[in-house]
Amino acid sequence: MARFRLSQCANLFLWHLFGSWPLLGYGCTMDDTGSYHRLSAELLRVPRKALTPEETAFLKVPNNASARASLEFITSKPHVAGTAGDLEMAEYVKATFEKVGITAVLDPQKVLLTYPVSSALELLDVSGKMVAKASLAEDTLDSDPTTHTWWRNHTFNGYSPSGEVTAPIVYANYGLPEDFAALEEAGVEVKGSIVLMRYGECFRGLKAMNAQKAGALASIIYSDPEEDGYAKGSVYPYGPWRPKSSVQRGSIQFISLCAGDPTRAYNPHGMDVEKLCGFSSKELIPQIPVLPISYGDALIFLESLGGKEAPNNFRGALNITYRFGPTKGHYKVRVKVENRFQSSPVWNVIGTIPGSLPADLDQPVVLGNHRDAWVYGAADPNSGTAQLLEVARGLGQLLHTGWKPLRTIYLCSWSGEEYGLLGSTAWGEVQESILRRALAYVNVDTGVSGPHFQASGTPSLAQLLGDVLGHVQHPESKKPLSEHWSGKLYSLGSGSDYTIFIDHLGIPSLDMAFSPRDAQYGVYHSVYDSFTWMETEGDPDFTYHVAMAQLWGLVSLRLAGTHGLQAPLPMNLSIQAEAIEAYIAEIKENITSLDFRRLDEASSIFKAAAATTMAEAAHLSQMGEKAPHEEITALNERVGLVERQFLLSEGLPGRKWFRHCLQAPGLYTGYAAKTLPGIYEAIQAKHWDLAQSQILAAALRVEAAAAYLAPSSWPQITVTV
């Protein structure tokens, strides 16, 4: 019987596997964007596992000239999902994959889409005469030639129904439930009104959902300069921030209820949307017209408001007195939206590099970025698309030298993401045979919109990320990226293509980006998110594009492995165990009416099982080439697939499509994650019996994960915890 101490074996595992000591400075806290786990700065600077010859060769391939050329072509014309431009860019990505030696196919998926026809927004006096109107157009710029496009005059929200409403207008701040509660407390009547809200704090679709629930007849959403305009700095084209006429487009699907096509037109495995999501199509998209506008246009209607002065938390950066409303002097507002709904294909591109493992042992690694944009999408998402093509070039170079991955690698260029994660969700729901054994999903959406590295992901991938960051240079300081990273690994919620993989299928996932610090970049979802913006403001030298491509590729190479070299997977389940402890500690704060003992016990059991598993991995790593392949295979089977054990068979209460018991998008945030979401949402609603049942449900899944890790044929290890 082999006996090891955790302090010895876990450290040996991490040294042999990562070339570094364990990341013990770990915790969980909250900020305005959701849960995150903090890895200590000191432990991000530990010695790194040396680069392999293949990794060294890969890192030399991505270059700024190639990334620049790719982005310039992709952003040369609008490519909204389902349009001719989208298909042209899909064919370009496919051809690029094939040119470097990667087999690729177009994967069309039939989905529901909407396109703008016309819109109007007017202020009317008591006689019904128009006294002012919104331009509903983004200004052309001589310095940015692509701003001369039909789309600049057709700003819209995806999935808004058509409709025409004339009514008083009220101001509901961010459109959060507490904002509507503040209006009710102030005696402001929302029912029968048009609600004006500002972007920020929660997903735009949930703003529309909350307004609809409150009885609004229509909604208008604008970008206040406090969020991403002149309050942040100089506006485009004199700086990176949102100019006066800029409009943030975007989907208003109720994404925290269910992601993907709200009709499930592709009918995955004979299941309709109600069977998959628990909602009808009409329950997943608004039934009132919704229109996005600029802060230049919003000023007209904000200045027309009477009523009480709004509190400080309702105030933005415009030089006005923010008021609740309604419209003063019995003025009203007329909003008209005409959108065209149609079912049509969107085109995923799937590139495949087969691994050398047999199908029953293969654990595919999936890389993904969406390609569709609201107009040009130079930052969101096509900086990531250019980086994906650089990763493909690097992997293609390795293939030409005779290299072969141990595990299959899929390179996926998704479409329809902007409408509600349509392409990736369809592929994930249809391709069960491929994803049944998938090891990880690595996502890059808006690869570059600023200089600060941020990441969200499954805690078991934190050690791998921290290690790889030590091998990629920061474009400006030339120091390792690990020295510039905050150490915060945010929990995954929704809002990008990882959603199907982690929230529904239980596949460990990672999402990475370079972005502005603590802000959305200034031209998000506007006509100004252009190649010219990227070339002048976002990443003029394209060095951040290169850094992200290097990072993305290196993470993928270490997950996929190399043919002929069997080794324990580079995943740390002890960090996962620490995360679960932190989630529980966080949710227990100030809660005395619930019994958490079963969940605490389950967490302790999982922590011990994770420690035992890491000790087993350390032992096999120390043996090197002498390690029995069958033992490594059995270990990797458990480590690579254990995340599925956290899935709830019935899903979260009230939203069955979201199945992960440890994290999900917040019901009223949409993007930002909530940890232990079943428990959290029940506590927020003060449904104490439901909260207690969700504590048990989470405990059972954590216990199942611990049991899954328990070795059945490997000699027992006694671990001191």
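Let us look at the structure shown here. (Residues numbered from 1 in each chain as written. Predicted model: local features only at pLDDT ≥ 70, side-chain atom pairs only at ≥ 80, totals over all residues. Heavy atoms only, no water.)

### Some remarks on the overall build of the chain
Helix and strand content of the chain: 22 helices and 20 strands. Taking 721 residues into account, the globule formula puts the C-alpha radius of gyration at 27 Å, and the chain, at 25 Å, falls close to it. A fraction of 79% describes how many contacts in the chain between residues 6 or more apart in sequence connect residues 24 or more apart. When the accessible area of the chain is evaluated, it comes to approximately 25300 Å², of which 51% is carbon and sulfur surface. Between the averaged position of the 59 positive side-chain charges in the chain and that of its 75 negative side-chain charges there is a distance of 1 Å. (Helix = DSSP H or I, 4+ residues; strand = E, 2+ residues; numbered from the N terminus. Rg over C-alpha atoms; globule rule 2.2 N^0.38 Å. Contact = heavy atoms within 4.5 Å. Areas by Shrake-Rupley, 256 points an atom, 1.4 Å probe, with all protein chains shown as cover. Lys, Arg positive; Asp, Glu negative; His and termini not counted. Charge placed at Lys NZ, Arg CZ, Asp CG, Glu CD.)

### Some thoughts on the sheet that holds strand β8 (residues 194-198)
Here four strands make up an open sheet; going across it, the order is β7-β8-β9-β11 and the pairing parallel. Because the sheet does not close on itself, it has two edges, and the strands there are β7 (169-171) and β11 (290-293). Going across the sheet, the axis of each strand differs from the next one's by a mean of 25°, ignoring polarity. The pairing of strand β9 (residues 218-222) with β11 spans four bridges and is parallel. (Pairing = 2+ DSSP bridges. Axes fitted to C-alpha atoms, helices over the stretch in contact; angles between N-to-C directions.)

### A few points about the packing of aromatic side chains
Two aromatic rings are characterised by how far apart their centres lie and by the angle between their planes. Under the defined criterion, the tally for this structure stands at 23 aromatic pairs. Residues Y521 and Y524 carry aromatic rings whose centres are separated by 5.8 Å and whose planes lie at 75° to one another, so their mutual orientation is edge-to-face. The interplanar angle of 65° and the centroid separation of 5.7 Å between the aromatic rings of F606 and F646 together place this pair among those described as edge-to-face. Linking F606 in helix α19 (residues 597-623) with F646 in the loop between α20 (629-641) and β19 (663-665), this pair joins segments that are 40 residues apart in sequence. In this structure F606 comes out as buried when scored by relative accessible area, which is 0%. An aromatic cluster is built from W150, W151, F156, Y159, W374 and Y419, whose rings are joined through pairwise contacts. (Phe/Tyr/Trp six-rings, centres within 6.5 Å; stacked < 30°, edge-to-face > 60°. Buried < 20%, exposed > 50% of the residue type's maximum accessible area, 1.4 Å probe, protein only.)

### Overview of helix α12 (residues 422-430)
Burial of α12 is extensive: eight of the nine residues sit out of reach of the surface. Among the residues of α12, those classed as buried are L422, G423, S424, T425, A426, W427, G428 and E429.

### Topic: the nonpolar core
Within soluble globular proteins, side chains that are nonpolar tend to cluster in buried spots. Counting residues in each nonpolar core, the largest one holds 168 residues, and the members touching the most others are L411 and M512. By residue number, the principal contributor to this core is helix α17 (residues 543-560), which donates eleven residues. Residues contacting L411, with those up to four places away along its chain left out, are F97, I102, V349, I350, G351, I353, L367, L388, V391, A392 and L395. (Core = buried A, V, L, I, M, F, W, Y, C linked by side-chain atoms within 4.5 Å.)

### Section: the state of the cysteines
This structure, assessed with the given rule, holds one disulfide. Across the disulfide from C258 sits C277; the S-S distance is 2.0 Å. Taken together, the residues C258 in the loop between β10 (250-251) and α8 (273-277) and C277 in helix α8 connect sequence positions 19 residues apart. Judged by relative accessible area, which is 0%, C258 ranks as buried. Here C277 falls in the buried class, since its relative accessible area comes to 1%. Unpaired in terms of disulfides, C202 finds its nearest cysteine sulfur in C258, a separation of 19 Å. (Disulfide = S-S within 2.5 Å.)

### With respect to the pairing of β9
When you tally the buried positions in β9, you get five out of five residues, the bulk of the element. Here β9 shows a buried face lined by A218, I220 and Y222 and a second buried face lined by S219 and I221. Of the pairings in the sheet, the one linking β8 to β9 comprises five bridges and is parallel in character. Bridging from a neighbouring strand, I194 pairs with A218 of β9. Between the parallel elements β8 and β9, the chain passes through helix α6 (residues 204-213) in a crossover that is right-handed. (Right-handed = clockwise from strand over helix to strand, strands pointing away.)

### What to know about the environment of N267
If you trace the backbone, N267 turns up in the loop between β10 and α8. Accessibility expressed as a relative area gives 41% for N267, which makes it partly exposed. Sequence-wise, N267 and A426 are 159 residues apart; in three dimensions their C-alpha atoms are separated by 9.1 Å.

### Describing the side chain of R249
Structurally, R249 can be placed in the loop between α7 (225-228) and β10. A distance of 3.4 Å separates the side chain of R249 from the backbone oxygen of V247, its partner in a polar contact. (Polar contact = N/O pair within 3.5 Å; in protein donor to acceptor, adjacent residues only side chain to side chain.)

### Observations concerning the pairing of strand β15 (residues 440-448)
For β15, the tally of buried residues reaches nine of nine residues, placing the bulk of the element in the interior. Of the pairings in the sheet, the one linking β15 to strand β18 (residues 509-515) comprises five bridges and is parallel in character. Across the sheet, V448 pairs through a bridge with F514, a residue of β18.

### Observations regarding the packing of helix α14 (residues 462-469) against α17
Direction vectors running N to C along α14 and α17 enclose 130°, while the axes themselves pass 10 Å from each other. Taken together, the axes of α14 and α17 are oblique relative to one another. For the element pair α14 and α17, the recorded crossing hand is right-handed. On α17, the residues touching L464, L465, D467, V468 and L469 of α14 are L551, L554, V555, R558 and L559. Across the contact of α14 with α17, the residue classes break down as eight nonpolar, no polar and two charged. (Parallel < 35°, antiparallel > 145°, perpendicular 65-115°, else oblique. Left-handed = near helix turned anticlockwise from the far one by under 90°. Nonpolar A, V, L, I, M, F, W, Y, C, P; charged D, E, K, R; others polar.)

### A short note on the side chain of S246
In this fold, S246 is placed in the loop between α7 and β10. Look at S246 and you get buried, because its relative accessible area is 0%. Within the local environment of S246, its side chain forms a polar contact with the side chain of R242, the two groups lying 2.8 Å apart. Excluding anything up to four places from it in sequence, S246 contacts E138, S294, S526 and Y528.

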